[in-house]
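Take a look at the letters that make up each chain.
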Amino acid sequence: MTGPVVTVRGLRRSYGPVVALEGIDLDIQEGEVVALLGPNGAGKTTTVEILEGHRRRDAGEVSVLGVDPWRAPSSWRYGIGIVLQEASDAGELTVLETLRHFGGYFPSPHDPTDLLRKVGLAEAAGRRVRTLSGGQRRRLDVAVGVVGRPRLLFLDEPTTGFDPQARRQFWELVRGLRDEQGTTVLLTTHYLEEAEALADRVVVIADGVVRADGDPATLGGRMSGEATVSWLENAEARSARTADPGAFVNELVARLGPSVPGLTVSRPRLEDVYLDLVGGNKP
Ligand SMILES: Nc1ncnc2c1ncn2[C@@H]1O[C@H](COP(=O)(O)OP(=O)(O)OP(=O)(O)O)[C@@H](O)[C@H]1O
């Protein structure tokens, strides 16, 4: 990691009377995979579109690859890759032709055949795009998004509609981009499992403000708060919340013997922490 790729300070944007962003701060370092989470209408798309240079802001400082996206020269786009939710028109081109076509817009694109291999589409190179399955189509979208070797890749809800296997393969693909190419990734997702599996950092937005920003493993004090210990005693399921699960389990072992039946120790799931942060756990 060599420095900030994205810096945002006090970002504000309203649509008429609707305040979409109320003062967002965000930093993304080179080589990070960051997941932007938040309920519908939280302001994720507005934030991402401002970073992409597609939407004007009302106030605040924004720097993406060292430049204000709203005033960026056209060459700035070479450093950016965008994979939108809605794929562009499939048309009659083959997979390979599509990638060649989009690669032609960039000064030093990936070799299209190599890239198709990396995204697991080598076998489909000669097929017309409209005949691809949803998952294959998404892989092609990603290939198109990275064909110009972007330093920063935006992925908008990339795995919506994927089966579990395709989702895992897609995660591997994104990890490969980060680990092998050093690509920085900002993704939006509604899947907490995806954020946990993929992101070095998650940023939770709700009502136009950042509610939390940190490692998904420790967000909201996840690993330092209370744990739930569950076990079976006299054939009855028991559970208890404790701030010191080690000591609690030691007591159980002392009382019930070394193999406590049905013993599990669990921390709050990312989903629980997230729902607390966005107010979705209110009674
Ligand atoms: N073009 C627009 N005109 C008017 N209001 C808008 C426009 N775009 C977004 N908004 C409003 O701004 C707020 C933030 O919307 P935004 O699309 O950024 O949220 P989001 O977090 O991306 O939501 P989702 O998860 O549903 O995609 C919402 O209240 C939305 O209704």
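See the structure above.
Just so you know, these numbers come straight off a predicted model, no measurement behind them.

*Asks:* Go over the nonpolar core, please, and point to the residues and values.
*Replies:* Soluble globular proteins tend to bury their nonpolar side chains together. Counting 57 residues, the largest nonpolar core has Ala35 and Ala143 as the members making the most contacts within it. Non-local contacts of alanine 143, meaning those with residues more than four positions away in its chain, are made with Leu99, Leu115, Leu116, Val119 and Leu121.

*Asks:* Tell me what's going on with the sheet that holds strand 8 (residues 201-206), and back it up with residues and numbers.
*Replies:* One key point about sheets: their strands pair by backbone hydrogen bonds, in either a parallel or an antiparallel sense. Strand order in the open sheet formed by six strands is 5-6-7-3-8-9, with mixed pairing between adjacent strands. The two strands at the open ends of the sheet, each matched to only one other strand, are strand 5 (80-83) and strand 9 (209-214). Going from strand to strand, the sheet's axes swing by 15° on average, the running direction of each strand aside. With four bridges connecting them, strand 5 and strand 6 (residues 152-156) associate as parallel partners. Counterpart to isoleucine 82 in the pairing with strand 6 is phenylalanine 154. Against the sheet, helix 8 (residues 270-278) contacts strand 3 (33-37), strand 8 and strand 9, and its axis sits at roughly 35° relative to strand 8.

*Asks:* If you had to explain the environment of glutamate 172 to someone new, which residues and values would you point to?
*Replies:* Structurally, glutamate 172 is set in helix 5 (residues 164-181). Note: C-alpha distance between glutamate 172 and leucine 186 (14 residues apart in sequence) is 16 Å.

*Asks:* Can you break down the sheet that holds strand 2 (residues 18-29) residue by residue, with the values?
*Replies:* With respect to topology, three strands assemble into an open sheet ordered 2-1-4, the strand pairing being antiparallel. The outermost strands of the open sheet, each flanked by one partner alone, are strand 2 and strand 4 (59-64). Neighbour to neighbour, the strand axes of the sheet diverge by 15° on average, direction disregarded. Sheet topology note: the strand 1 (residues 4-15)/strand 2 ladder contains nine bridges and is antiparallel. When the bridges of strand 2 are listed, arginine 13 appears paired with leucine 21. Along the sheet, helix 1 (residues 44-51) contacts strand 1, strand 2 and strand 4; its crossing angle with strand 1, the most-contacted strand, is approximately 125°.

*Asks:* Summarise the site of the ligand; cite the residues concerned and give the values.
*Replies:* Around the ligand, the neighbouring residues are Tyr15, Val18, Ala20, Gly38, Asn40, Gly41, Ala42, Gly43, Lys44, Thr45 and Thr46. Put simply, the parts of the chain that give the shell around the ligand at least two residues each are strand 2 and helix 1. In terms of residues, the shell around the ligand owes the most to one element, helix 1, which gives three residues. Considering only residue class, the shell around the ligand consists of four nonpolar, six polar and one charged.

*Asks:* Go over helix 2 (residues 95-103), please, and point to the residues and values.
*Replies:* Owing to its 3.6 residues per turn, the α-helix aligns residues three or four sequence positions apart on the same side. All of the buried residues along helix 2 are Val95, Thr98 and Leu99. Around the axis of helix 2, the buried residues are gathered within 95° of arc, so they sit on the same side. Looking at the buried positions of helix 2, the neighbouring elements they touch are helix 3 (112-118) and helix 4 (134-146).

*Asks:* Please provide a residue-by-residue account of the environment of isoleucine 205, values included.
*Replies:* You can see isoleucine 205 is positioned in strand 8. On the neighbour-count criterion, isoleucine 205 (26 C-beta atoms within 10 Å) is buried. Distance in space between the C-alpha atoms of isoleucine 205 and glycine 53 is 20 Å, their sequence separation being 152 residues.

*Asks:* Please set out unusual backbone geometry residue by residue, giving values where relevant.
*Replies:* The phi torsion at glutamate 157 lies on the positive side, around 40°, for a residue other than glycine. Structurally, glutamate 157 can be placed in the loop between strand 6 and helix 5. Within the chain, aspartate 207 stands out as a residue other than glycine whose phi angle is a positive 50°. Looking at where aspartate 207 falls in the secondary structure, it is placed in the loop between strand 8 and strand 9.

Reading the values: rules and limits
Note that residues are indexed from 1 along each chain, following the sequence as it is written. With pLDDT at 70 or above as the cut-off, local features in this predicted model cover only qualifying residues; side-chain atom pairs require 80 or more to be listed or tallied, and sums for whole chains, interfaces and linings still use all residues. What makes a nonpolar core is a set of buried Ala, Val, Leu, Ile, Met, Phe, Trp, Tyr and Cys residues, with links drawn between C-beta atoms within 7 Å. The burial criterion counts other C-beta atoms lying within 10 Å of a residue's C-beta, which is placed from the backbone; the residue is buried at 20 or more, exposed at 12 or fewer, and partly exposed between these limits. Once C-beta atoms are placed from the backbone, any two residues with those atoms within 7 Å are in contact. Strand pairing is assigned whenever DSSP identifies at least 2 bridges connecting the two strands. Secondary structure elements are taken from DSSP: a helix is a run of H or I of four residues or more, a strand is a run of E of two residues or more, and numbering for both begins at the N terminus. The angle between two axes is taken between their N-to-C directions and runs from 0 to 180 degrees, where each axis is a line fitted to C-alpha atoms and a helix contributes only its stretch in contact. Put plainly, near means the residue's C-beta atom, positioned from the backbone, lies within 6 Å of the molecule or strand in question. Under the grouping applied here, Gly and all other residues not named as nonpolar or charged are polar, the nonpolar ones being Ala, Val, Leu, Ile, Met, Phe, Trp, Tyr, Cys and Pro and the charged ones Asp, Glu, Lys and Arg. Read the arc as the range of directions from the helix axis to the C-beta atoms.

Functional significance is not addressed by these values, which are geometric in nature.
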